[in-house]
Amino acid sequence: MRADDPRIEKLIKSESFHHFPGTNIVVCAVVMTCGQQSVGWSFAPGGMDFDFEAEKERARKKTRRNIAGLESYRERAERSAA
């Protein structure tokens, strides 16, 4: 499964973002409908103007890549068990 697969959005129950004060780090925490959790993060390199929305989107994309990996593993395991 690819990170841009529309099925990923259906797997997400909730998501939260946190910007650590005094840093350029943003974390995206996701709870999936099955209860599994995944985290993605992003940071703006030093010297760049911090744009929360841009970093939030980057963290969100990393989280979706993690979910895609989890789902690919689950699908392979189900196929091999059959």
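Residues numbered from 1 in each chain as written. Predicted model: local features only at pLDDT ≥ 70, side-chain atom pairs only at ≥ 80, totals over all residues. Heavy atoms only, no water.

*Asks:* For this particular structure, what's the right way to read helix α2 (residues 52-81)?
*Replies:* The end-to-end C-alpha distance of α2 is 43 Å, a good match for the 44 Å that 30 residues give at a rise of 1.5 Å each. Within α2, burial applies to E55, A59, T63, R64, I67, A68, E71, S72 and E75. Contacts from the buried residues of α2 go to α1 (7-11), β1 (12-19), β2 (25-32) and β3 (37-43). In this structure D51 caps α2, since a side-chain oxygen of it lies 3.2 Å from the backbone nitrogen of E53. (Helix = DSSP H or I, 4+ residues; strand = E, 2+ residues; numbered from the N terminus. Expected span 1.5 Å × (residues − 1). Buried < 20%, exposed > 50% of the residue type's maximum accessible area, 1.4 Å probe, protein only. Contact = heavy atoms within 4.5 Å. Polar contact = N/O pair within 3.5 Å; in protein donor to acceptor, adjacent residues only side chain to side chain.)

*Asks:* Sorry if this is basic, but what is going on with the sheet that holds β3 here?
*Replies:* Within a beta sheet, neighbouring strands are joined by backbone hydrogen bonds and run either parallel or antiparallel to one another. If you trace the three strands from one edge of the open sheet to the other, you get β1-β2-β3, paired in antiparallel fashion. The open sheet has two free edges, formed respectively by β1 and β3, since each of these has just one partner strand. Direction aside, the axes of adjacent strands within the sheet are offset by 15° on average. Pairing between β2 and β3: seven bridges, direction antiparallel. Paired with V30 across the bridge in β3 is S38. With respect to the sheet, α2 is in contact with β1, β2 and β3, its orientation differing from that of β3 by roughly 140°. (Pairing = 2+ DSSP bridges. Axes fitted to C-alpha atoms, helices over the stretch in contact; angles between N-to-C directions.)

*Asks:* Explain a nonpolar patch on the surface here, please?
*Replies:* Together, F20, I25, W41 and F43 make up a nonpolar patch on the protein surface, roughly 390 Å² of accessible area in all. Mapped onto the elements, W41 comes out in strand β3. (Patch = residues over 30% accessible without salt bridge, like charges linked within 9 Å, V, L, I, M, F, W, Y side chains within 5 Å. Areas by Shrake-Rupley, 256 points an atom, 1.4 Å probe, with all protein chains shown as cover. Salt bridge = Lys/Arg side-chain N within 4 Å of Asp/Glu carboxyl O.)

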